[in-house]
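The primary structure of each chain is shown beneath.
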Amino acid sequence: MDIPRQIASPQAPAASGPLSLSRRGMLGVSGAFVMGLALAACGRETPGVAVNPLTDVKGGDATPSLWIAIEPSGAVKITCHRSEMGQQVWTAMAQIVADELEADWSQVEIVQALGDPKYGDQNTDGSRSVRFNFHRLRVAGAAMRSMLEEAAARRWRVDRSGVRADLGKVIHAASGRVLGYGELAEAADRLPIPAEADLQIKPREAWRYIGKEVASLTVPKIIRGQGTYGIDVQRPGLLYAVVARPPQLFGRTGAVDEAPALAVPGVERVIRLPDLEPPAVFKPLGGVAIVGRDTWAAIQGRAALKVDWVDGPNADYDSAAFETMLMDVVRQPGETRRSRGDVDAALAAAAKRVSAEYYAPHLAQSPMEPPSATAEWTDDKLECWACVQDPQATRATLAGFLQIPLENIKVNATWLGGAFGRKSKPDFVIEAALIAKEMQRPVKVTWTREDDLRHGYFHSVSAQRLEAGLAADGACTAYLHRTAFPPIVATFNNTVDSPSDGEMGLGATDVPFAVPHLRVESGRAPAHVRIGWLRSVANIYHSFAVQSFAAEMAHAAGRDQKDYLLELIGPARVLDPNAEGAAYANYDAPKEDYPIETGRLSRVVEIVAEMAGWGRTLPKGRGLGIAAHRSFVSYVATVVEVAVSADGVISIPHVWLAVDAGTVVNPRHVRAQMEGGTIYGLSNALYGQITAKAGAIEQGNFPDWRLMRMAEAPLAFDVHVVDSTSPPGGVGEPGTPPAAPALANAIFNATGVRIRRLPILGPNADRLTQRRNA
Amino acid sequence: MAITLMINREARAVDAAPGTPLLWVLRDHLGLTGTKFGCGIAQCGACTVHVDQVPVRACVTPHDALEGQSITTIEGLAGPQADAIRAAWEAADVPQCGYCQAGQIMSAEALLRSNPAPTDADIDVAMNGNLCRCATYVSIRGAIKAAAGKL
Ligand code: FES
Ligand code: FES
């Protein structure tokens, strides 16, 4: 059964215009009508009621009713417009609002927002849910508190200054009268919304929830098997589908023999999906859908199906040959992306020269919950439920692909069973919508693990070459970093083969080293698979190379790794890469609020070194390694301790980490993100590799895509969260970049083996086999 | 042909194709979605349930082999070990995304029933089949020990 042609050749969603790494607005979702919609939704333009002054505060719309609903029972429903994927954003958002609202925590509930521009940016990646929303959610909470106080004062006919909100109640101290929020909500809602200038935003010392170890709002459900992930959605009459996709990106579906699939008990239909036309963007990959009465029937049907796949333009992609090609690229001069002084002259004049080349393979995000989406059509209206990081982009992509108006589409973000960047691409939701339309029934599409690993949006493969000149005393005088990797932009415009400024700003052009001569270059590399974001993105390979090379320089200079790193970072100062020809985006954060402060980076290095007892003597076969990296406007330094047995078995007894993420909302959950982000990085560095032959991904499931398990995980993990009054930075991703180089540096100190190619072990090896290459 | 399975102490009629793994019967036929799919080949532990109190991977266990046996899922898990584990998990906020945690809890509960004071090595063996991509391993280890201490 073919999907009608007009669906088969969709317009790509607007991905034109200047392409940058910015994960915001990639689909051209306009923020321009945020204000109008919010006003209409809140009915604040009714005659006689003052105009809402809070639609455009710093960070966006802070209209209290957009974020807070108080029920007569006193229950406080707080809307979370970001996706919950384990980073505890439900809890964080609620802490911020509830603090200013003076809500009683036991009455707080979360309502997950639909994808709707009225909330502003909903793209839950880039580690910025708190950064983007901290201010406006406090304003919303304070405004609602003020309105509740005003409502109570009016009811009691007392002066406003004599009443105050306290934990879900408003109190008139002079008379001892008390009214609960539930009793005041309706009256408060009719009052004019106060201006930001008239609000009493709490001082830091008065915070009740922000900065405190408030318990998670999701955990009590999780431990009882409650809560709905994308894969858990149930609808009356639901059918279940899996898709057989072309093994190569832009491969095509040839002849299909559906009879054997239809013979499988429980299989209802076989549906041919439209072939994917470049660019890939967030469109489905094509192939053939198998629909059944349960997921198992669909999986069995797919196994029986016979399809002739037709080769496409990536049929020759071989990751081993590509590695050779990519290493050659970084041996040639590249495009200069930042330059200070005269590197060539300084290298020529150096007393000693050091160089090293690094390689890191493709990786898969592989969240434990694979992509899954449910779609249901009612006439020409579509409702979807899915584990998406960006319900607005999902909606816009659906509208573009299906050529139906945005208003006809409702997108519900469920809980996400992990995401790590995979679920910011809603291709799987489009699949569900196409199949449900064909079936005239609600349909859930589930990706099996094989689908997830073979048809992903992969973390890019990379090659890097670093070269340094050292003075006679060992000090670094010249630093050259060349990087090449297929860029993410290629997913949106497949003619692009040069890294974006955004990607270069993830650990390459923002290198914090205070060396007199410095140059950062990029090389060209075409993409042959869909390239996508993965937890901390290009920071992973850049930090691996730069922080490994820092230790290599220290070794060449005969110096201690930590001392040399601090010397490279240099004196405390504010760094502006753009003054040296970079086009540095600083994670879309204003540099006035979020400058690169090298002193903060040095500080976390010093703290973590002290925590780990850096410099102590370790038994033979043990080593400590250190790495530090600023990403997502937060500063992290990590020390890994490894033990390598005589026959090469690696274990990680202990990890220490210090993070300066500015103001933090929940230190407990920040520690969890640091721990999780680090082990994510260690797991990828030890085992992770996605490889391709004849354009097809070779890995299929957990035996060949290996993840760190309990017995391999660090036995102990200590995190120090720096007490800071700086504005909030990211925490979901910054733990990952220093993990791999800290591990590699520790292995060097334990064994003399210098790791320059990842993964360290791969899926099958259990022991280090490389010889000393110091 | 419908068969009857005992799930969480309740008799449930099931009409699925012969050989259908218990996982899909629970999730797609009975609406018990607390048990998760992660790999389908007994490699990740997300689908762990108890059959006659023993942890098994529901993704590779044909449902029609389980007639007359007692099946427990995360929704029905109860008892002193389960209480201690849930309390320890909550006290430390062990789960992140939570997707693997039903399986983790099913494995941990079985461990504590057979071994009330597990060592690190015991924990490694009992929990090594349960992957967690959010990497909550250190917290899980700590919470298992905390729960054991309360029993
Ligand atoms: S789904 Fe059963 S072990 Fe992974
Ligand atoms: S908590 Fe997310 S996979 Fe374990």
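Residues numbered from 1 in each chain as written. Chains lettered and ligands numbered in written order. Predicted model: local features only at pLDDT ≥ 70, side-chain atom pairs only at ≥ 80, totals over all residues. Heavy atoms only, no water.

**Quick notes on the environment of P118(B)**
All names here are of chain B. Locating P118 in the fold gives a position in the loop between α3 (101–114) and α4 (120–127). Assessed through its relative accessible area of 9%, P118 is described here as buried. It is 7.6 Å that separates the C-alpha atoms of P118 and A148, two residues lying 30 residues apart in sequence. Once you skip the residues sitting within four places of it in the chain, P118 turns out to touch L111, L112, I123, I144 and A148. (Helix = DSSP H or I, 4+ residues; strand = E, 2+ residues; numbered from the N terminus. Buried < 20%, exposed > 50% of the residue type's maximum accessible area, 1.4 Å probe, protein only. Contact = heavy atoms within 4.5 Å.)

**Overview of the interface of chain B and chain A**
On the side of chain A, 63 residues touch chain B, which itself brings 52 residues to the contact. For the pairing of chain B and chain A, the buried interface totals around 4700 Å² over both sides, and the portion due to carbon and sulfur atoms is 58%. The largest share of the area that chain B buries against chain A comes from D93(B), Q96(B) and R133(B), three residues that together contribute 18% of it. Summed over the shared surface of chain B and chain A, the number is 4 salt bridges. Between D232(A) and R27(B) there is a salt bridge, and its shortest N-O distance comes to 3.0 Å. Viewed at the interface, chain A and chain B are joined by 31 residue pairs in polar contact (both at pLDDT 80 or more). Broken down by secondary-structure element, the contributors of at least two residues to the side of chain B that touches chain A are α1 (22–29), α2 (80–92), α3, α4 and α5 (137–150) of chain B. Per-class residue counts for the side of chain B that touches chain A are 25 nonpolar, 15 polar and 12 charged. (Buried area = accessible area lost by both parts, 1.4 Å probe. Salt bridge = Lys/Arg side-chain N within 4 Å of Asp/Glu carboxyl O. Polar contact = N/O pair within 3.5 Å; in protein donor to acceptor, adjacent residues only side chain to side chain. Nonpolar A, V, L, I, M, F, W, Y, C, P; charged D, E, K, R; others polar.)

**Describing empty space enclosed by the protein**
Residue and element names in this part refer to chain A. On inspection of all chains with the given rule, the structure shows 10 cavities of 30 Å³ or more. If you add up the space inside the largest cavity, you get close to 550 Å³. What lines the largest cavity is a set of 37 residues, and nearest its centre among them are Q87, S127, Q673, V731 and G732. Counting only elements with at least two residues in the lining of the largest cavity, the list comes to α4 (89–101), α5 (129–156) and α19 (667–687). With 4 residues, the top contributor of residues to the lining of the largest cavity is α4. Looking at the lining of the largest cavity residue by residue, the classes come out as 12 nonpolar, 19 polar and 6 charged. (1 Å grid on protein atoms, 1.4 Å probe; cavity = no way out; pocket = protein on both sides within 12 Å on 5 of 7 lines; lining within 4 Å. Points joined across faces, edges and corners; volume = space filled by probe spheres on them.)

**Here's the deal with the sheet that holds strand β1 (residues 68–70) of chain A**
Residues and elements named next belong to chain A. Judged by pairing direction, the sheet is mixed, and its 3 strands sit side by side in the order β1-β2-β3 without closing on themselves. A strand with exactly one partner marks an edge of an open sheet, and here the two such strands are β1 and β3 (108–112). Averaged over all neighbouring strand pairs, the angle between strand axes comes to 25 degrees, with direction disregarded. (Pairing = 2+ DSSP bridges. Axes fitted to C-alpha atoms, helices over the stretch in contact; angles between N-to-C directions.)

**Some words on the sheet that holds strand β4 (residues 163–166) of chain A**
By definition, the strands of a sheet pair up through backbone hydrogen bonds, in either a parallel or an antiparallel sense. Residues and elements named next belong to chain A. On the basis of which strands lie adjacent, the open sheet formed by 3 strands has the order β4-β5-β6 and antiparallel pairing. At either end of the open sheet lies a strand with only one pairing partner, and these are β4 and β6 (177–180). Going across the sheet, the axis of each strand differs from the next one's by a mean of 25 degrees, ignoring polarity. This element, helix α6 (residues 181–189), spans β4, β5 (169–172) and β6 of the sheet and lies at about 75 degrees to β6.

**A short note on the pattern of salt bridges**
Residue and element names in this part refer to chain A. Taken as a whole and judged by the stated rule, the model has 65 salt bridges over all chains. Here R338 makes a salt bridge to E580, at a shortest N to O gap of 2.8 Å. Linking R338 in strand β12 (residues 335–340) with E580 in the loop between β21 (574–575) and β22 (596–597), this pair joins segments that are 242 residues apart in sequence. Assigned by exposure class, R338 and E580 land together as buried. For R449, the salt bridge goes to D452, with nearest N and O atoms at 2.8 Å. Of the two residues, R449 and D452 are both situated in helix α14 (residues 449–454); the distance of 3 residues between them amounts to about one turn of the helix. Considered together, R449 and D452 belong to a single accessibility category, that of buried residues. Overlapping salt bridges bring together D99, E102, R164, D166, K202 and R208 as one network.

**Quick notes on helix α16 (residues 539–557) of chain A**
The terminal C-alpha atoms of α16(A), which comprises 19 residues, lie 26 Å apart, in line with the 27 Å expected from a rise of 1.5 Å per residue. Among the residues trailing α16(A), G558(A) stands out with phi positive, at a value near 70 degrees. (Expected span 1.5 Å × (residues − 1).)

Function-wise, these values are silent; they only describe arrangement.
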